[in-house]
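The lines below spell out each chain.
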Amino acid sequence: MADIQGVLFDFSGTLCRLEFGSGVLDGLMDDAGAPLEITDQVELMRRLTAPVGISEGLPEELHEAWHRRDLDTEVHHTIYTAALKAAGLPDGAAETVYRRMLDADNWAPYPDVIAALKTVRAKGLKSAVVSNIGWDIRPVLAKHGLADLVDVIVMSYVEGHVKPEPEIFAAACERLGLEPARALMVGDSEEADGGAAALGCSVAIVDPLPTAERPDALLSALSAYGI
């Protein structure tokens, strides 16, 4: 087993989650002015938190921009509001949901986040958050008492690189003073977070379940590497 000296954590689906029922979708109406059905709300939440491939119904002229959504704040806004409109929300509601998505109050930390980050620090290890994101997550981390428990926060839209590109993992390791072979990447995506393996990092994957259904996955992932 590698001699782990630092841990890189993904943000969404790993440390925190935009939760269904958190208020993000409250009071929304469809194009006909009727309250959104629960199935529609679930689909909207899926589009916000776990987009896979190009979002269904996104105008063709935005397909190329979809792949750059986590590299530019304006592109992120344009793409997500367009995806929400394609899901049936009128313009004003799409904008409302987008703004709520960026609100720290609507993100919930996983139950073992604080314990996991404190465990890393107690072991004398460095830590970073490495996120594919098109907006500033630092207020979310601060809101939930996480910001002071990590040493470095690396966001794709600032770096100009997205996971699984090696440059974003390399930036985190360099700022922590770590050789990649001494770093553990903990995330919820084999495709994105697993890219750290190409750089020589160890990788642990957790399931991005609702927070109430995943009480100790972070602690378990660390424990598997002797942390």
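Let me sum up the structure you'll find in this document. The shown structure was predicted, so the numbers you read here are calculated from the model rather than taken from an experiment.

Applying the stated rule across the entire model yields nine salt bridges. Here D10 and K163 are joined by a salt bridge, their closest N and O atoms 2.8 Å apart. Of this pair, D10 sits in the loop between β1 (6–9) and β2 (16–18) while K163 sits in the loop between α7 (156–159) and α8 (166–176), and the two are 153 residues apart along the sequence. Taken individually, D10 and K163 each receive the classification buried, so the pair is uniform in this respect.

This part is about the sheet that holds strand β5 (residues 152–155). The strand order across the open sheet built from five strands is β5-β4-β1-β6-β7, with neighbouring strands paired in parallel fashion. The sheet is open, and its two borders are formed by β5 and β7 (202–205), each paired with just one other strand. Averaged over all adjacent pairs, the angle separating strand axes in this sheet is 20 degrees, with direction ignored. Pairing analysis gives four bridges linking strand β4 (residues 126–131) to β5, with the strands arranged parallel.

Before going further, it helps to spend a moment on the packing of helix α3 (residues 73–86) against helix α4 (residues 91–101). The geometry of a pair of packed helices is captured by two quantities: the angle between their axes and the separation between those axes. Following both chains from N to C, one finds α3 and α4 inclined at 130 degrees, their axes separated by 9 Å at the closest point. By the angle between their directions, the pair α3 and α4 is classed as oblique. Taken as a pair, α3 and α4 cross one another with a handedness that is right-handed. Where α3 approaches α4, its residues T73, H76, H77, Y80, T81, L84 and K85 are matched on the opposing element by D91, A94, E95, V97, Y98, R99 and M101. The residue makeup of the contact of α3 with α4, split by class, is six nonpolar, four polar and four charged.

Turning our attention to the environment of M155. Along the polypeptide, M155 turns up in strand β5. Linking M155 and G134, residues 21 residues apart in sequence, is a C-alpha distance of 7.9 Å. Leaving out residues up to four positions away in the same chain, M155 has contacts with S131, I133, W135, D136, I137, R138 and I168.

One finds V7, F9, F11 and V186 to be the most contacted residues of the largest nonpolar core, which totals 37 residues. Within the residue set of this core, elements represented by two or more residues are β1, β2, α4, α5 (113–122), α6 (138–143), β6 (183–187) and α9 (217–223). One finds L8, A172, A196 and C201 within the second-largest nonpolar core, a separate group that totals 15 residues.

Within a pair of aromatic rings, the relevant descriptors are the distance that separates the centres and the angle that separates the planes. Across all of its chains, the model carries four aromatic pairs by this definition. Pairing W107 with W135 gives two aromatic rings, centres 5.8 Å apart and planes at 45 degrees, and the pair type is tilted. One end of the pair, W107, is in strand β3 (residues 107–109); the other, W135, is in the loop between β4 and α6, with 28 residues separating them in the sequence. Pair check on accessibility: W107 and W135 agree, each one buried. What links up through ring pairs into an aromatic cluster is the set F11, W107 and W135.

Quick look at the side chain of T81 now. Tracing the sequence through the fold places T81 in helix α3. At 2.7 Å, the side chain of T81 forms a polar contact with the backbone oxygen of H77. From its side chain, T81 meets the backbone oxygen of T78 in a polar contact 3.2 Å long. Once you skip the residues sitting within four places of it in the chain, T81 turns out to touch A94, E95 and Y98.

A word on α4. At 3.6 residues per turn, the α-helix brings residues three or four places apart onto the same side. Every buried residue belonging to α4 is among A93, A94, V97, Y98 and M101, and all of these are buried. The arc that holds the buried residues of α4, viewed along the axis, is 140 degrees, so those residues lie on one side.

Turning to α5, a few remarks are in order. All buried positions along α5 are accounted for by V113, A116, L117 and V120. With its buried residues spanning 95 degrees around the axis, α5 presents them on a single face. Those residues of α5 that are buried are in contact with β1, β3, β4 and α9. Note on α5: the residue one or two positions beyond its end, G124, has a positive phi of about 80 degrees.

Criteria and cut-off values
- Residues numbered from 1 in each chain as written.
- Predicted model: local features only at pLDDT ≥ 70, side-chain atom pairs only at ≥ 80, totals over all residues.
- Heavy atoms only, no water.
- Salt bridge = Lys/Arg side-chain N within 4 Å of Asp/Glu carboxyl O.
- Helix = DSSP H or I, 4+ residues; strand = E, 2+ residues; numbered from the N terminus.
- Buried < 20%, exposed > 50% of the residue type's maximum accessible area, 1.4 Å probe, protein only.
- Pairing = 2+ DSSP bridges.
- Axes fitted to C-alpha atoms, helices over the stretch in contact; angles between N-to-C directions.
- Parallel < 35°, antiparallel > 145°, perpendicular 65-115°, else oblique.
- Left-handed = near helix turned anticlockwise from the far one by under 90°.
- Contact = heavy atoms within 4.5 Å.
- Nonpolar A, V, L, I, M, F, W, Y, C, P; charged D, E, K, R; others polar.
- Core = buried A, V, L, I, M, F, W, Y, C linked by side-chain atoms within 4.5 Å.
- Phe/Tyr/Trp six-rings, centres within 6.5 Å; stacked < 30°, edge-to-face > 60°.
- Polar contact = N/O pair within 3.5 Å; in protein donor to acceptor, adjacent residues only side chain to side chain.
- Arc of directions from axis to C-beta.

Nothing here speaks to function; it is geometry throughout.
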